[in-house]
Amino acid sequence: KIRHSLIISQIVSFFTLRTVFYGTLIGSGAAAQVVTSRGTHGDYLTIQLGSALGAVFGIFVARGVSGAHLNPVYSLSLCVLGRHPWKKLPLYSLSHLVGAFLGAATVYLQYYDAIQTFSGGELLVAGPNATAGIFCSYPADHLSFWGGLVDQVVATALFLLCCVALEDQRNGPLPDGLHPVLVGALILTMGVSMGSNCGFPLNPARDLGPRLFTFVAGWGEEVFKAGGGWWWVPIVAPFVGGLLGTLTYELLIEAHHQTTPQSPQQEQEAVELEEVVVDSGNNSKTHPKLLKLSKIYSKQK
């Protein structure tokens, strides 16, 4: 029974809590509130705060189960770095996709009346009464195809570079509990500085899952045709940008770490150890202080 309960809890965590369900629910919920109220209940910053805080609490909820990857690009980067098993990547990616789909469905159910009233009962992708943008990204009118491709590659490269830096213990370990907050701050930074072109998707599952939901929920084929077939850009470009950002950090920063940073106490003990070794000279017996420090280092290892 215990084994079965563990398996069930893993399945539940994969397809709900540890996925982007929470981030999609809050991020899209904030967008739905702003759009359907025509700006009377929030603005652009409200949407960015919703996305950022949704990621923060999503990580807090799921980090104890699987690390709360929340993004297949991040999972892929860890696989490339040898920090995550490749065999888990397909299941993680599928769980991200299903979680995003369920999150979009939940937002639609919650805001169904508001969406229907706002759009006059017609689910549109473009125009003043469009509501498809609540759930997934679409390019702004000024954005060209190549402009959108570059936007996503650059934004995701910077995003993953910073994420890998936060995970790098040799670059300065973070206090427990601070990492999710900094990831949320990073998402907010990306949103307020790089969100006007296409809404900074950064996450293929976060974009494709809700897009698939809108396709089956009534928005139709236009969700894949809009923007000159834009839909595949926020799926492919983040993977390219994510790998680029990860490799950039590895080559320019992490590869140049000389040694693992030590605390002041560890550095003092290392100095004392060197002095004791010198003082011991040719004595056949082990110096008491040397023996004590050796035990300390053995416990640390």
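Quick caveat, the model's predicted, so the values are computed rather than measured.

A. Main features of the UniProt feature "transmembrane region" (unreviewed entry) in the protein chain. When the UniProt feature table is mapped onto this chain, "transmembrane region" (unreviewed entry) is found at residues 12–32, 44–62, 91–111, 145–166, 178–202 and 229–252. Taken end to end, residues 91–111 has its terminal C-alpha atoms 30 Å apart, with 95% of it in helix and 0% in strand. For residues 229–252, helix accounts for 88% and strand for 0%, while the C-alpha atoms at its two ends are 36 Å apart.

B. A look at the confidence of the model for the protein chain. For the protein chain, the mean per-residue pLDDT works out to 81, and 75% of the residues sit at or above 70. Within the protein chain, the element-level pLDDT minimum falls on helix α13 (residues 288–300), averaging 49, and the maximum on helix α6 (residues 112–119), averaging 95. Taken together, the stretch residues 15–19 has pLDDT below 50 and engages in 25 contacts with residues farther than four places along the chain or on a different chain. Under a pLDDT of 50 for its full length, residues 276–281 has, in the predicted model, five contacts with residues more than four places off or in other chains.

C. Representation of the environment of Ser95 within the structure. Structurally, Ser95 is set in helix α5 (residues 89–110). Along the backbone, Ser95 and Pro72 are 23 residues apart, and their C-alpha atoms lie at a distance of 9.4 Å.

D. Focus on the pattern of salt bridges. By the definition in use, this model includes five salt bridges. With its nearest N and O atoms 3.5 Å apart, the salt bridge here joins Arg83 to Glu250. Separated by 167 residues along the polypeptide, Arg83 in the loop between α4 (72–80) and α5 and Glu250 in helix α11 (residues 233–252) bring together distant segments of the chain. Looking at Arg83, the relative accessible area reads 39%, which means it is partly exposed. Here Lys225 makes a salt bridge to Glu221, at a shortest N to O gap of 3.3 Å. When sorted by exposure, Lys225 lands in the same class as Glu221, which is exposed. Look at the salt bridges and you will find they share partners, linking Arg83, Arg170, Glu250 and Glu254 into a network.

So, how was this worked out
Residues numbered from 1 in each chain as written. Predicted model: local features only at pLDDT ≥ 70, side-chain atom pairs only at ≥ 80, totals over all residues. Heavy atoms only, no water. UniProt positions renumbered as here; feature names shortened; annotations may be inferred. Helix = DSSP H or I, 4+ residues; strand = E, 2+ residues; numbered from the N terminus. pLDDT = per-residue confidence, 0-100. Contact = heavy atoms within 4.5 Å. Salt bridge = Lys/Arg side-chain N within 4 Å of Asp/Glu carboxyl O. Buried < 20%, exposed > 50% of the residue type's maximum accessible area, 1.4 Å probe, protein only.

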